[in-house]
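Reading the structure
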Amino acid sequence: MSLFNVCSWWSAQCGDTSGDYDVASLLCARFGLEAQEKDYIIVGSQSGQLSIYYPHANEFDATDLLLETQLSAPILGLYAGKFSGNVRNENVNQLGVLLPNAIAIYNVQTISGLAEYGAQLKLQLQAEHKFQRVAFSMCQGHFGQVKGREFFCVVHLDGTLTFYEQDGISYECRFPGQRSLPAPVVYCERTDSFFRFSATWHLQSYSYQDLSHSLVTKSSYQPIWSQCIGEGILDMRVVQLKETCSYIMILGERNFICLDDNGKFNFILKLDYAPKCFYSFVVGYYWEPGARLITAIVSDASKLHIYDEANIIWAAQWQQPAPVAIQRSNVQALAGSIVTLSATGQLMVGYLGAQPYQFQVQPLNVEELTFAQAHKQLQQLEDEIKESVDIRDMDALNQQAADQVRLSFSIQQEIFDDLDTLMLDVPADVAVKELPSAKGLLKLKVKAELAELQLVIQTPSGIRCSQETLSLVDIPAGTSRELPLDFYMSELLHVHSTRIEVFASFVSPRGIPRVIQQSAYLPLSMFYRSCQPQKAAGIKLTYTITSKHVPPKLLTFFGEFLEAEAETQALGLQLLCPGLEKLTEVITVVAAKNSNRLRIQSDYVETFAMILERIVETTMQLDSAAGLLKMHKKKPKRGVLNRCVERIIAAPFIPIQPILHRADVHHETQQNIRKQTEQLEALWQQFKSLQRELQEQSESEPKETLTMQIEANYDHLILEGDKLVEIRRDERRQRSDLNCAVALAKWIIHALNLEERVVNVVSSVLSIPVEDWTELSWEESMAPGIDMLHHFGPLMRSKSTSTHGLLDDNSTKSTFDYGCFRRHFATLFDRIVRLASSSADEQKTQKKTAAMEQPVDATHQAQSVDEIGNMERMLSDKAAPLSRTVKPNLSSSLEAVEDEEEEEEEEYDENDLRDTGYRKNYGAPAAGEEQTTTKRSDWVNEDFELPTTEELFSDLGIWW
């Protein structure tokens, strides 16, 4: 039920309660009987009872009923106007009562009451016109645009029109056509024409001159214009809103239609309810520029809808059955009231109101909050949430949700080439490549009765599923369903992940919203095909398998490309998508012969993401399947190393420049899109200005010059719009490339020898997939997180920086500085690589020292291993030298990877090291330099002091 209601101000019950009332039974008019007169309410029933009311107060009184009489025939309509020529006072109106076989014109007279009985009204019959045919309806107006006199026209059941003038002249005519059914006819004074609704559901316009002369001249005539309405109508009115135009308001069975008097549609409003009656009026005067067209429509569900032209501005509920007639009136002490009449004769004068609502919205606090205040309030809210939510039952709730809805999602590792591209609506440029597809199976079993269940299948960009969503309603307990799925390439884009996620969201029987997630991985053979390995590449990565449960063989990770008993040490994979003929994107994976290392190398950043994902995820799954404790079961603590290195560890090297290059291209495209959008907006404004100038010109002025300018501007607008579409396509491709680049960095950081909290924080900041919004690009959304890591996070530059001061200063910046973002982005990767390299060097140093010294007890060894990567111990121990040698494992050939375990000292390619920003150590220490002297590493910046572990994570509980 609506909050707003039509409140009753005055109500009365008419004498006839048999239900013989319709839309023509109500009239609100003035008869000029007294000064400062208000509207009289006239009601006529189809049983012949005529009543006139004049409300005085907000409650019905016996003196409000001024007249009640019984006529000899049913009342078909009530009208007020100057129907006789002897009416001299321009404020005096007569009452016209339409009966089936006659129309009676009455003069309304007042009789002063005696004592407290009040005044009464009396009807004096002025004229009565008899009909030879049965009447249907009537319309009135200044036919022929005659001033000071008002004529009326009666529409009969056979479609005949009878015109009556005040001098007693009457004549009949018929509308042209084979069939003429009775329908509402209205008159438009501005054009001196009649509007009629034909039997073919067409609205037709006829001139008064054609109708009046058709019987005399016997000539045929046609409508001035005709418009198809397409449905039956309930009522029709003419309202003049402008001095140069009148509006025809039509209430159809399913639509509310507005046309001007020239037959042009102004608007068509689709109604989502069944209408019963309506009333249109103008607020203000039609010659004023601020005049508004207001329409009130009543639905059969007892609701009142008020529209300002085609826009709804109010909705209210009736507390009684829906009325059959509605009008706007001005009664005593209530201007602009709503007068309604129900089918049972219930007459009401009401107004729009609302039920009292106790809740009051608190005023908004628009004061600026500092970071310290916002953080304090956030902690208070978190404490309240923890107190109100019993987190001890979360595991039980999650287990209960998993028992209520069981999901099983799997993807076959075989690929298929028989994809129906037409049925799945695959674009032509993708279908011509004949890319392979994969099949999956989703099993669903519901053990509890649910009202609604929604399944959403999320795929990476460029991959589509044959059925991405599924909604089930009113699910009984014990329902099971299997859903076969097809996964295929829908766009020629680089794919950054093969992971497919399925989300099942529902509301449990206890009213708790729950979400269950399942995931599976697409086969790599859907995106790659085997080829000849490459010996040289621009980007080279090294992974070391540290788990004893994962054999470091290519067959372990890429079984779909190798035979079951193959002992291949090198595997080349060519990327199928985007599959450009002129560009062959190949990635090579090499397994060392005498060690547990893997080398991944390629010239293209876009080829790494899915390969690294396969290597890391396969290692984690095999290690977890061996019965070891899963990583997500342990809470990360301060000082704990990344537990991923217990299974697999990556060499501390990130290809910074290729990643930054993808970000540069993406940012440049975003700038081009904004410039192109601004240019289109300027052209569009110019186009509208030219159109406005063309409309304001008179018919006598030449228009050729403006027409040529509009055509040239339109062609330019179309051309620039096509350019924007092309730039948008480039943006989508570059966004996919940036996805692959950022995913490459995340997979490397995921397996670095760092503290786990550092890895989690950096991985959460590097968000993928890349998303761009209208007002905010990916770079702008990433900038706060990167800046936070740069100044305040575990990789902050200086520990003496004022946290709150810098935050307040940065919050005042209104423009985005991409140069600063790029520097911080590069510095972030550089610091991660250096920190991981220091941890690796310290670990090797400790191993050498332990081998030279005497064995210690097991407790001391466990403590030493547990402190690998501890920055506080590394800086406080003055006796341990800091090694400058970095181990990115960058070799220039496959043979170097295969034989690197046989060499005692690592050898590096000078060119590769120069490209990545590292320098080699040549020779032994100087003669006067002691080996144990602590020397500051050359890569440490003069402005950057490495903080201790406690200083690194002092603010970690606040920020992350």
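Residues numbered from 1 in each chain as written. Predicted model: local features only at pLDDT ≥ 70, side-chain atom pairs only at ≥ 80, totals over all residues. Heavy atoms only, no water.

Looking at the overall build of the chain
Across its full length, the chain holds 18 helices and 42 strands. Per-residue burial over the chain gives 44% buried out of 960 residues. Partitioning the contacts of the chain with sequence separation of at least 6, the portion at a separation of at least 24 is 62%. Entry remark: accessible area of the chain is about 50,500 Å², with carbon and sulfur atoms responsible for 50%. (Helix = DSSP H or I, 4+ residues; strand = E, 2+ residues; numbered from the N terminus. Buried < 20%, exposed > 50% of the residue type's maximum accessible area, 1.4 Å probe, protein only. Contact = heavy atoms within 4.5 Å. Areas by Shrake-Rupley, 256 points an atom, 1.4 Å probe, with all protein chains shown as cover.)

A look at the sheet that holds strand β32 (residues 463-465)
Judged by pairing direction, the sheet is antiparallel, and its four strands sit side by side in the order β29-β30-β34-β32 without closing on themselves. Here the strands that pair on one side only, and so sit at the sheet edges, are β29 (405-416) and β32. Along the sheet, successive strands turn relative to each other by an average axial angle of 20°, direction set aside. (Pairing = 2+ DSSP bridges. Axes fitted to C-alpha atoms, helices over the stretch in contact; angles between N-to-C directions.)

Considering the packing of helix α9 (residues 756-765) against helix α10 (residues 778-791)
Where α9 contacts α10, the axes come no closer than 9 Å and their chain directions differ by 155°. Comparing their axes, α10 and α9 come out roughly antiparallel. Of α10, the residues touching α9 (which contributes V761, V762 and V765) are M782, G785, I786 and L789. For the contact of α9 with α10, the class distribution of residues is six nonpolar, one polar and no charged. (Parallel < 35°, antiparallel > 145°, perpendicular 65-115°, else oblique. Nonpolar A, V, L, I, M, F, W, Y, C, P; charged D, E, K, R; others polar.)

Describing the packing of aromatic side chains
Applying the stated criterion across every chain, the model contains 32 aromatic pairs. Ring centres of Y187 and F194 lie 5.1 Å apart, and the angle between their planes is 50°; this geometry places the pair in the tilted category. Both residues of the pair, Y187 and F194, count as buried. With centroids separated by 6.1 Å and ring planes inclined at 40°, the aromatic side chains of F687 and Y714 adopt a geometry described as tilted. (Phe/Tyr/Trp six-rings, centres within 6.5 Å; stacked < 30°, edge-to-face > 60°.)

Here we look at the pairing of strand β13 (residues 170-173)
Side-chain alternation along β13 places Y171 and C173 on a buried face and S170 and E172 on a face that remains uncovered. Alignment of strand β12 (residues 161-164) against β13, held across four bridges, turns out to be antiparallel. Residue pairing for β13: Y164 is matched across the bridge by S170.

A closer look at the side chain of E720
Tracing the sequence through the fold places E720 in helix α8 (residues 704-750). Within the local environment of E720, its side chain forms a polar contact with the side chain of Q676, the two groups lying 2.5 Å apart. Once you skip the residues sitting within four places of it in the chain, E720 turns out to touch Q676, Q679, L680 and L683. (Polar contact = N/O pair within 3.5 Å; in protein donor to acceptor, adjacent residues only side chain to side chain.)

Description of the environment of E779
Relative to the helices and strands, E779 resides in helix α10. Along the sequence, E779 and H667 sit 112 residues apart, while their C-alpha atoms lie 7.3 Å from each other. Setting aside residues up to four positions removed in sequence, E779 forms contacts with A663, H666, H667, L738, F816, Y818 and F821. A distance of 2.6 Å separates a polar atom in the side chain of E779 from a polar atom in the side chain of H666.

Some points on the confidence of the model for the chain
Chain-level statistics for the chain give a pLDDT mean of 79 and a share of 79% at 70 or above. In the model, residues 798-812 has pLDDT below 50 throughout and makes 17 contacts with residues more than four positions away in sequence or in other chains. Confidence over residues 854-960 falls short of pLDDT 50; this stretch has 163 contacts with residues more than four positions distant or in other chains. (pLDDT = per-residue confidence, 0-100.)

Things to note about a nonpolar patch on the surface
Taken together, the side chains of V134, F136 and L157 make up a nonpolar region of the molecular surface, amounting to roughly 230 Å² of accessible area. Position of F136 relative to the elements: it lies in strand β10 (residues 135-141). Under the relative-accessibility criterion, F136 is labelled partly exposed at 33%. (Patch = residues over 30% accessible without salt bridge, like charges linked within 9 Å, V, L, I, M, F, W, Y side chains within 5 Å. Salt bridge = Lys/Arg side-chain N within 4 Å of Asp/Glu carboxyl O.)

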